[in-house]
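Examination of the molecular architecture
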Amino acid sequence: MSSAPALVSDGGSLPRHVAIIMDGNGRWAKKRFLPRVAGHRAGVEAVRAVSRAARAMGIEALTLYAFSSENWRRPEEEVGDLMGLLRLFIRSDLAELVRENVRLRVIGDFRRFPADVVSLIDDAIARTVDNNGPLLVIALNYGGQAELIAVTQRLAARAAAGNLDPAAINAGMVERELETHDLPPLDLLIRTSGEHRLSNFLLWQAAYAELLFVDTLWPDFGAADLEAAVADFGRRQRRFGGL
C-alpha cells in the first residue's frame, strides 16, 4: 500500500475502521463528586455499548485506546484500578465476543501488565482467533511513536545485515511492519471530551483518516453518538491529497 488512493475504503459512506480515543472518565466522575474509578467503571459500560453498536452498524474494525504507554505516569492506585477493570471486562464479556463471532486483537506491549492480566488477554485472543466477524482491537500500553521506532529499528537491522536496500524503503514496507498491518485502513478517528489532539495514538495510520473531536465525555458516549459520528463521516468528501 504505497500510494494515498490505496487508502480509500470501498465501503461507501460507512467507515470500515473506526478508532476512538476514549477520554473524559475522570472529568465525568469529578462532575458527579465520585472517585475516578467510578468514571472508569462507567467508561467500561460505554465500551460495551459502543462496540455493540459498531457491530450492529457493520463496521469491520473498532480500535479503542484503552491504556497508553504514558498512562503508567498516573497514580499507582489508579493504574491498579484500570487493571482490575480490564480483568473484569475480559471475564464478563469474553463469552459475548465468542458468541457474536468477534475477533479480539490487542496492539501495544501488554506483556508489561501483571502476569494474570497477560494470561487473561492471551486466553481471550486464543478463544476468538478463529472467529471471522468484526474486529475489536484494544490498544494496551500502546504508543504511536514507540510503534514507529520499533518499525524503524527492524528495517534498519535488515539494512545493516545487507538484506534491505535503504533506498527501497517505502510506505507500503513500513505499513507491513505496523501492528495494524492486517486491519482495514483507518477511516475515522474520534476523540471524546473536547480535547483536540491525537495523544500518540495511531500516528501513521491517521495520516488520511477523518478526525472528529466531540465534547461528550466518554462515559456518556453511546450508540447514538457513534451513529452521529458515522453520519458526519458520510457527509465528508475525502480527497487524499487530490482534487
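This one's a predicted model, so the numbers in the text were calculated from it and none came from an experiment. (Residues numbered from 1 in each chain as written. Predicted model: local features only at pLDDT ≥ 70, side-chain atom pairs only at ≥ 80, totals over all residues. Heavy atoms only, no water.)

**Side note on the packing of aromatic side chains**
Rules: Only the six-membered ring of Trp is used, alongside the rings of Phe and Tyr, when aromatic pairs are assigned; centres must lie within 6.5 Å, and planes under 30 degrees apart are stacked while those over 60 apart are edge-to-face, with the rest tilted. Residue exposure (1.4 Å probe, protein chains only): buried if accessible area is under 20% of the type maximum, exposed if over 50%, otherwise partly exposed. Each ring is checked for a lysine NZ or an arginine CZ that lies within 6 Å of its centre and within 35 degrees of its normal; such an atom marks a charge sitting over the ring.
Summed over all chains, the structure comprises seven aromatic pairs. Ring centres of tryptophan 218 and phenylalanine 221 lie 5.5 Å apart, and the angle between their planes is 20°; this geometry places the pair in the stacked category. What makes phenylalanine 221 buried here is its relative accessible area of 3%. Among the aromatic residues, those joined into a ring-pair cluster are Tyr65, Tyr142 and Phe201. Lying across the ring of tryptophan 72, arginine 112 places its NZ or CZ 4.2 Å from the centre.

**Here's the deal with the pattern of salt bridges**
This is how the line gets drawn: Within this document, salt bridges are pairs made up of a side-chain nitrogen of Lys or Arg and a carboxyl oxygen of Asp or Glu, the two lying within 4 Å of each other. In this text, helices come from DSSP runs of H or I with a minimum length of four residues, and strands from runs of E with a minimum of two, each type numbered from the N-terminal end.
By the definition in use, this model includes 22 salt bridges. Residues glutamate 78 and arginine 36 are paired through a salt bridge, measuring 3.0 Å at the closest nitrogen-oxygen approach. Taken together, the residues glutamate 78 in helix α3 (residues 76-99) and arginine 36 in helix α2 (residues 36-57) connect sequence positions 42 residues apart. Judged by relative accessible area, arginine 36 falls into the partly exposed class, the value being 39%.

**Side note on the packing of α3 against helix α4 (residues 115-128)**
Quick note on the threshold: Fitted lines through C-alpha atoms serve as axes, helices being fitted only where they are in contact, and the angles separating the N-to-C directions of these axes extend from 0 to 180 degrees. Under this scheme an angle from 65 to 115 degrees is roughly perpendicular, one under 35 degrees roughly parallel, and one over 145 degrees roughly antiparallel; angles in between are oblique. Helix crossings are classified by the rotation of the near helix relative to the far one: an anticlockwise turn of less than a right angle makes the crossing left-handed, while a clockwise turn makes it right-handed. Note on contacts: a residue pair qualifies if any of its non-hydrogen atoms lie within 4.5 Å across the two residues.
Where α3 meets α4, the closest approach of the two axes is 10 Å, and the angle between their N-to-C directions is 15°. Of the possible angle classes, the one that applies to α3 and α4 is roughly parallel. As α3 packs across α4, the resulting crossing turns out to be left-handed. Contacts from Met83, Leu86, Arg87, Ile90, Arg91, Leu94 and Val98 of α3 reach α4 at Asp116, Val117, Leu120, Ile121, Asp123, Ala124, Arg127 and Thr128.

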